[in-house]
Amino acid sequence: MTHHITLRRPDDWHLHLRDGAMLQGVLPESARHFARAIIMPNLVPPVVTGAQAAAYRDRILAALPAGSDFQPLMTLYLTESTDPADVAAAAASGLVKAVKLYPAGATTNSHGGVRNFDKVMPVLEKMAEIGLPLCTHGEVTTPEVDIFDREAVFIDTVLDPLRRRIPELRVVMEHITTSQGAAYAAEGGDRLAATITTHHLIINRNHILVGGIKPHYYCLPVAKREEHRLALRKAATSGKGCYFLGTDSAPHVDALKEHACGCAGCFTATNTMPLLAHVFEEDGALDKLEAFTSLNGPAFYRLPVNEGRMTLVKHEAATRFPDKIMTEAGPVTVFDPGYPVHWAVEG
Ligand code: NCD
Ligand code: ZN
């Protein structure tokens, strides 16, 4: 039995850090384990311009614990009035590593997102020319489409036509939750990849709804049927270069999660690496964990892999994670896998 595993230090290719007191509270949880993270731009107001991304990056760096070398990789929030020249300049300076597409209304703070794709064509064409990836929140928002079908319909009616229209565009399908998403990513060649979250490898929709509603398991895209969770497990543990970790750790204070209209998001920054070791071990794929957390992402983003190493150790006793992180904004519940985990990060 394997009792420890050493990996290149991991990165998180999809992370919500928020701002202000929440940023201050949650940033150490990611900076402790991850070398870099792609930082989502869905603040209020969103991070739309290069200047806003530079200012947000400075706020993140100022909030880092002393001695941390964590690097935020910034993204811009795509709107119908985004300026292609501003995007190109922000990418050329090295500040911005991707642009995020939120279909308007798809998720938290997405009302400024895209309604009419014709209006963003000049930006997408510029991105294709310079090789800057588009990170997609892959759900349609049409009220007639059932929430559990929104990802599959997005692939067929939005993503695939868009990729045919601009074949050179490099795309990351963010937080895939379906077998259709996993299959589409695998067929897309080297201009297409998909991130997978920790929680979607662990929960299916029953976890949210059976035996009482569990708001801390509610996120978007919402967890699907068990067969989809199993497809995601197979994808993540395959070692294939098109799949890599994006935790989508998305903190909301408990008062807004445990609410009549609760916010979407699971907070996994604290315990992601031990949970992933558990999942990969369970599937007999510990040897593929490093590809998922530390190699495939940098390869797609054309960045060097991290030089540092992380060791995970398996103990007899279950690892104790905090139930909540206390922030000045309020308590944030840490994702609970619902079973004991024996892995811990040790150096
Ligand atoms: C994210 C958030 O809270 O910002 N929520 C979530 O459920 N994942 C937004 C997102 O990534 O969809
Ligand atoms: Zn997200």
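Note: the structure precedes this text.
Reference entry: report on the structure contained in this document. Quantities reported herein were computed from a predicted structural model and do not represent experimental measurements. (Residues numbered from 1 in each chain as written. Chains lettered and ligands numbered in written order. Predicted model: local features only at pLDDT ≥ 70, side-chain atom pairs only at ≥ 80, totals over all residues. Heavy atoms only, no water.)

Quick look at the environment of I196 now. Within the secondary structure, I196 sits in strand β8 (residues 192–196). What makes I196 buried here is its relative accessible area of 0%. On a C-alpha basis, the gap between I196 and G181 in space is 10 Å, while along the polypeptide they are 15 residues apart. Residues in contact with I196, not counting those within four places in the same chain, are I176, L201, L232, A235, A236, Y243, F244, L245, G246 and F292. (Helix = DSSP H or I, 4+ residues; strand = E, 2+ residues; numbered from the N terminus. Buried < 20%, exposed > 50% of the residue type's maximum accessible area, 1.4 Å probe, protein only. Contact = heavy atoms within 4.5 Å.)

Among the residues making up helix α3 (residues 84–92), those that are buried are V87, A88, A90 and A91. Down the axis of α3, the smallest arc covering the buried residues is 165 degrees, so these residues share one side. Of the residues in α3, the exposed ones pointing more than 90 degrees away from the buried face are A85 and A92. The secondary structure elements touched by the buried residues of α3 are α2 (50–63), β4 (71–77), β5 (96–101) and α4 (121–130). Between the side-chain oxygen at the start of α3 and the backbone nitrogen of A85 there is a gap of 3.0 Å, and the oxygen is on D83. (Arc of directions from axis to C-beta. Polar contact = N/O pair within 3.5 Å; in protein donor to acceptor, adjacent residues only side chain to side chain.)

In the neighbourhood of ligand 1, 15 residues make up the surrounding shell, with N42, T107, L220, D248 and H252 lying closest. Within the side chain of H16, a nitrogen or oxygen atom sits 3.1 Å from an oxygen atom of ligand 1. Taking G265, its main chain carries an N or O atom lying 3.2 Å from an oxygen atom of ligand 1. Here ligand 1 has 310 Å² of accessible area as a free molecule, and 100% of this is covered by the chains. Cavity membership is defined here by more than half of the atoms lying within 2 Å of grid points; on that basis ligand 1 lies in the largest cavity. Among the residues forming the shell around ligand 1, the class breakdown is 4 nonpolar, 9 polar and 2 charged. (Near = heavy atom within 4 Å. Areas by Shrake-Rupley, 256 points an atom, 1.4 Å probe, with all protein chains shown as cover. 1 Å grid on protein atoms, 1.4 Å probe; cavity = no way out; pocket = protein on both sides within 12 Å on 5 of 7 lines; lining within 4 Å. Sits in = over half its atoms within 2 Å of the grid points. Nonpolar A, V, L, I, M, F, W, Y, C, P; charged D, E, K, R; others polar.)

A separate point is the coordination of the zinc ion (ligand 2). Taken together, H14 (NE2), H16 (NE2) and D248 (OD) make up the full set of protein donors to the zinc ion (ligand 2), lying 2.0 Å away. Note that the zinc ion (ligand 2) binds 4 donor atoms; their angles at the metal cover 93 to 139 degrees, and the shape is irregular. Mapping the donors of the zinc ion (ligand 2) onto the primary sequence gives the spacing H-x1-H-x231-D. In this pair, H16 sits in the loop between β2 (12–15) and α1 (20–31) while D248 sits in the loop between β9 (243–245) and α9 (254–257), placing the two residues 232 residues apart along the sequence. For the pair shown, H16 and D248 are each scored as buried. (Donors = N, O, S within 2.8 Å, 3.2 Å for Na, K, Ca; no water. Tetrahedral: all angles 85-135°; square planar, octahedral: opposite > 155°, others 65-115°.)

On to empty space enclosed by the protein, then. Taking a probe equal in size to a water molecule and rolling it over the atoms shows the remaining empty space. One pass over the full model with this rule turns up 4 cavities of 30 Å³ or more. Residue lining of the largest cavity: 16 residues in total, with H16, T107, T108, L220 and D248 positioned closest to the centre. Here the second largest cavity is characterised by a volume of approximately 70 Å³. If you trace the second largest cavity, you find it lined by H216, A250, H252, D254, K257, G265, C266, F267, V332, T333, V334 and F335. Looking at the lining of the second largest cavity, the elements with two or more residues in it are α9 and β12 (330–333). Grouping the constituent residues of the lining of the second largest cavity by class yields 6 nonpolar, 4 polar and 2 charged. (Points joined across faces, edges and corners; volume = space filled by probe spheres on them.)

Right, let's get into the sheet that holds strand β10 (residues 309–314). Pairing within the open sheet is antiparallel, and its 3 strands lie in the order β1-β10-β13. At either end of the open sheet lies a strand with only one pairing partner, and these are β1 (4–8) and β13 (343–345). Neighbour-to-neighbour, the strand axes of the sheet open up by a mean angle of 25 degrees, direction not taken into account. Each of β1, β10 and β13 is contacted by helix α10 (residues 272–282), which is oriented at about 140 degrees to β13, the strand it contacts most. Together, β1 and β10 form the strand contacts of helix α11 (residues 289–301), whose direction differs from that of β1 by roughly 25 degrees. (Pairing = 2+ DSSP bridges. Axes fitted to C-alpha atoms, helices over the stretch in contact; angles between N-to-C directions.)

To continue, consider the side chain of D12. You can see D12 is positioned in strand β2. Buried charge D12 goes without a salt bridge, the closest partner of opposite sign being R36 at 11 Å. A distance of 3.1 Å separates the side chain of D12 from the backbone nitrogen of H14, its partner in a polar contact. D12 has contacts with F34, R36, A37, I38, L245, G246, T247 and D248, leaving out every residue within four places of it along the chain. (Lys, Arg positive; Asp, Glu negative; His and termini not counted. Salt bridge = Lys/Arg side-chain N within 4 Å of Asp/Glu carboxyl O.)

As a volume, the largest pocket reaches approximately 290 Å³. If you go around the largest pocket, you meet 18 residues; those closest to its centre are D323, V334, F335, D336 and P337. Of the residues that constitute the lining of the largest pocket, the class distribution is 10 nonpolar, 4 polar and 4 charged.

Moving on to unusual backbone geometry. That bond from V44 to P45 is cis: its omega, -5 degrees, falls within 30 degrees of zero. L220 connects to P221 through a cis peptide bond whose omega is -5 degrees. The residue P221 is located in the loop between α7 (205–209) and α8 (226–236) in this model. The residue D248 is not glycine, and still its phi comes out positive at about 55 degrees. Residue D248 is classed as buried on the basis of its relative accessible area of 5%. The phi dihedral of R302 falls on the positive side, at around 55 degrees, and the residue is not glycine. Among the secondary structure elements, R302 is positioned in the loop between α11 and β10.

Function cannot be read off these values alone, since they describe shape.
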